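What follows is each chain in one-letter form.
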Amino acid sequence: MWHVQSISTCLLVLDLAFCPVAAQEKPLALPFVPGEVVVKFSPTSKAGALVAAASASSGQPNAPLASYVDSLAREVRIPIGVKRLGSGGMLIVAIQRADLVARLLERLRANPHVKEAGALSAAATTPLAAQAVVQVEFAERSPEAEAVAKIAASGRESGSEMDPFVKRLEHESGIPLTARVTSPRQVLLSIDLSALTLGLAARLRKCADVEYAQPNFLRRRMSSAGPSPPPQA
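Residues numbered from 1 in each chain as written. Predicted model: local features only at pLDDT ≥ 70, side-chain atom pairs only at ≥ 80, totals over all residues. Heavy atoms only, no water.

Visitor: Looking at this structure, how should I read the nonpolar core?
Guide: Where a protein is soluble and globular, its nonpolar side chains tend to be buried together. In this structure, Phe41, Ile80, Leu108, Val136, Phe138, Ile191 and Leu204 are the most contacted members of the largest nonpolar core, which totals 53 residues. Among the elements that make up this core, the one with the highest residue count is helix H2 (residues 63–76) (6 residues). Val136 has contacts with Leu108, Val114, Glu116, Ala117, Arg185, Gln186, Val187 and Leu189, leaving out every residue within four places of it along the chain. (Core = buried A, V, L, I, M, F, W, Y, C linked by side-chain atoms within 4.5 Å. Buried < 20%, exposed > 50% of the residue type's maximum accessible area, 1.4 Å probe, protein only. Helix = DSSP H or I, 4+ residues; strand = E, 2+ residues; numbered from the N terminus. Contact = heavy atoms within 4.5 Å.)

Structure follows, in structure tokens:
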């Protein structure tokens, strides 16, 4: 019996009709914090003024800045929130994993071939739960159940048999995914936060107020990481 935590599907649903971002960016050699992007806004823009005002007043993100980032999330169609202010007028934003999981579960539970879907609870597997993982059980005699059973019978954890389902779900949800078979009818779907982070940075760079956006590169250990300066031209 596997453990799931119930997540309401009544959350705000963003526009999901866009292609996943996993294949749009080349891998980076430098390590970065999955789910975090460093953004620098034009100092003459509204966003730049909001960041400057928050830095000057308390040094902490405030409600107007959070509201602006909410609107930015709708523009790039990836749920993000303010993580913290950085030096030099930089802002670190973070992908909202709970919103991604809720979006993914909504799609899965609307699929008639899915018997049950839920977020893996922290009590079940803490490292996996931190990575935003959903466990899915398929209905008996569904094409997906047959594909999963075939993979499991061969002793594999993954296979091309699941590609049609995973690719369709990525397209519908806009979330890059990896799949791992855990039983003859069950599969773990992990959100690929690294790929999504690269896609988020690319989308933010196209926004009018943004001077640059990049993943939050690691200088040392993740626990002491800070935003690296933008790449030199």
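Visitor: Sorry, what's going on with the environment of Glu161 here?
Guide: In this fold, Glu161 is placed in the loop between helix H5 (143–153) and helix H6 (163–173). Along the sequence, Glu161 and Ala147 sit 14 residues apart, while their C-alpha atoms lie 5.4 Å from each other. Beyond its immediate sequence surroundings of up to four residues, Glu161 is in contact with Ala147, Lys150, Ile151 and Arg156. Of the polar contacts made by the side chain of Glu161, one reaches the side chain of Arg156; its length is 3.0 Å. (Polar contact = N/O pair within 3.5 Å; in protein donor to acceptor, adjacent residues only side chain to side chain.)

Visitor: Please clarify how the pattern of salt bridges should be interpreted in this entry.
Guide: Any two side chains of opposite charge can pair, so long as their charged atoms come close to each other. Evaluated as defined, the whole model comprises 8 salt bridges. Of the charged contacts in the structure, one is a salt bridge between Lys115 and Glu137, with a shortest N-O distance of 3.7 Å. Note that Lys115 is positioned in strand S5 (residues 114–120) and Glu137 in strand S6 (residues 133–138), a separation of 22 residues in sequence. Under the relative-accessibility criterion, Glu137 is labelled buried at 11%. Glu157 is paired through a salt bridge with Arg180; the nearest N and O atoms lie 3.6 Å apart. Residue Glu157 is located in the loop between H5 and H6, and its partner Arg180 is located in strand S7 (residues 177–183); the two are separated by 23 residues in the primary sequence. Given a relative accessible area of 44%, Glu157 falls into the partly exposed group. Connected via shared salt-bridge partners are Lys115, Glu137 and Arg185. (Salt bridge = Lys/Arg side-chain N within 4 Å of Asp/Glu carboxyl O.)

Visitor: Before we go on, may I ask you to explain the side chain of Asn216 in this structure?
Guide: Tracing the chain through its elements places Asn216 in strand S9 (residues 210–217). At a separation of 2.8 Å, a polar atom in the side chain of Asn216 contacts the side chain of Glu36.

Visitor: Is there a simple way to explain the packing of aromatic side chains in this structure?
Guide: Any aromatic ring pair is given by two values, namely how distant the centres are and how the planes are angled relative to each other. Scanning the entire structure with this criterion turns up 3 aromatic pairs. Seen from their ring centres, Phe32 and Phe217 are 6.4 Å apart, and the 90° between their planes marks the pair as edge-to-face. Residue Phe32 is located in strand S2 (residues 32–41), and its partner Phe217 is located in strand S9; the two are separated by 185 residues in the primary sequence. For Phe32, a relative accessible area of 13% gives the class buried. A ring pair is formed by Phe41 and Tyr68, whose centres lie 5.7 Å apart and whose planes are at 85°; its orientation type is edge-to-face. Placement of Phe41 in strand S2 and of Tyr68 in helix H2 is noted, with a sequence separation of 27 residues between them. The exposure classification of Phe41 matches that of Tyr68, with both residues buried. (Phe/Tyr/Trp six-rings, centres within 6.5 Å; stacked < 30°, edge-to-face > 60°.)

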